Amino acid sequence: MTGEAPILSTSDSTLDADVQKTVDALNTDGISARRGAFSVDWADTLREDIDIAFAEALSRPDGAVGRGPKRYYVEMHPEQMHGWLELVDHPWVRSVCEAVLGPDYEIIELGFDIPGPGAKNQPWHRDFPMPEETRVNRRLTSLAFNATAVDTAEDMGPFQIAPTTQWDLPEGFEHEMFPPKSAYERYEKLSTRKYPQRGDVSVRSALTIHRGTENQSDKSRPVLVLGVDAPGAGNAEHHDMAVTRDFYDSLPERVQRHLVCPIVDELVPITQKHSIEGLMMGEA
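Residues numbered from 1 in each chain as written. Predicted model: local features only at pLDDT ≥ 70, side-chain atom pairs only at ≥ 80, totals over all residues. Heavy atoms only, no water.

## Quick notes on the packing of helix α1 (residues 17-28) against helix α4 (residues 91-101)
- Viewed as axis vectors pointing N to C, α1 and α4 meet at an angle of 50 degrees, and their least axial separation amounts to 10 Å. Between α1 and α4, the crossing angle belongs to the class labelled oblique. Regarding α1 and α4, the two cross each other, and that crossing is right-handed. Between α1 and α4, the residues in contact are Asp-18, Val-19, Thr-22, Val-23 and Leu-26 and Trp-92, Ser-95, Val-96, Ala-99 and Val-100, respectively.
- Considering only residue class, the contact of α1 with α4 consists of seven nonpolar, two polar and one charged. (Axes fitted to C-alpha atoms, helices over the stretch in contact; angles between N-to-C directions. Helix = DSSP H or I, 4+ residues; strand = E, 2+ residues; numbered from the N terminus. Parallel < 35°, antiparallel > 145°, perpendicular 65-115°, else oblique. Left-handed = near helix turned anticlockwise from the far one by under 90°. Contact = heavy atoms within 4.5 Å. Nonpolar A, V, L, I, M, F, W, Y, C, P; charged D, E, K, R; others polar.)

What follows is the structure, given as structure tokens:
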């Protein structure tokens, strides 16, 4: 069921020690993190931006999509986030993207998950089917960066992930994303729960089997999602991120060249289309 670990093609000499450690972790555990990548103030501003975007999304049809009871996902445009440029232009983020996805990586998604009070355990899952490039050549073609907007506590429904499962072949998986319940015991034994604090940023393969857990607190746990693809990975077609011309022109060229989204005169609120049907009802 489990594929062989890949051989990293990028020369170690081109990466600093922190980036190489992250790349190694992505190829083994399927997840890594940079503690204190940003300030607490940066994370607090992120929380304010998410609160505004969430209220706006809930005010219109299909602005937010359910990912289980009391759990939502919302996409947003880069201009809705004050710290977007600092995130995508962070040297660690840029270097990890280049090392794993190549120099022409593509920024294709910006959104956030909100498990609110009462959110239930999700079924174990990956976020999309395993690409053929990963199945055949053992190469990751996308990354998900996550930044928490709150200090995560045990009762807030922390993220749970089963390291090394990004290479699991989808045998018996429903929609190639949801493993059979007979595999749940293995994931529980492998799994670890994550407790990021404000300013921390993680990076993972969205193929690594994971789930959100039950939020027993009276607080929500908003977390930002930045999706990045290798050229040709195809995930951009599931997202509607856009930027205005003025915003695009204000960006450094090293960021501009990684944007594959439309440049528009006026931003249109995003109608969510990256729904995952198997998450709608939570864990059965």
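## Brief notes about the sheet that holds strand β9 (residues 210-212)
- Reading across from one edge, β7-β6-β9 is the order of the three strands in this open sheet, with antiparallel pairing throughout. At either end of the open sheet lies a strand with only one pairing partner, and these are β7 (192-193) and β9. (Pairing = 2+ DSSP bridges.)

## Observations concerning the environment of Ala-162
- Tracing the chain through its elements places Ala-162 in the loop between β6 (159-161) and α6 (184-190).
- A C-alpha to C-alpha distance of 26 Å links Ala-162 and His-239, two positions 77 residues apart in sequence.
- Among all residues touching Ala-162, those that are not within four sequence positions of it are Trp-124, Tyr-187, Leu-190, Ser-191, Thr-208 and Ile-209.

## Concerning unusual backbone geometry
- Positioned with a positive phi, Asp-62 is a non-glycine residue whose angle comes to about 60 degrees.
- Inspection of the secondary structure assignment puts Asp-62 in the loop between α2 (40-58) and β2 (65-66).
- Of note, the phi angle at Thr-164 is positive, near 80 degrees, even though the residue is not glycine.
- Mapped onto the secondary structure, Thr-164 falls in the loop between β6 and α6.

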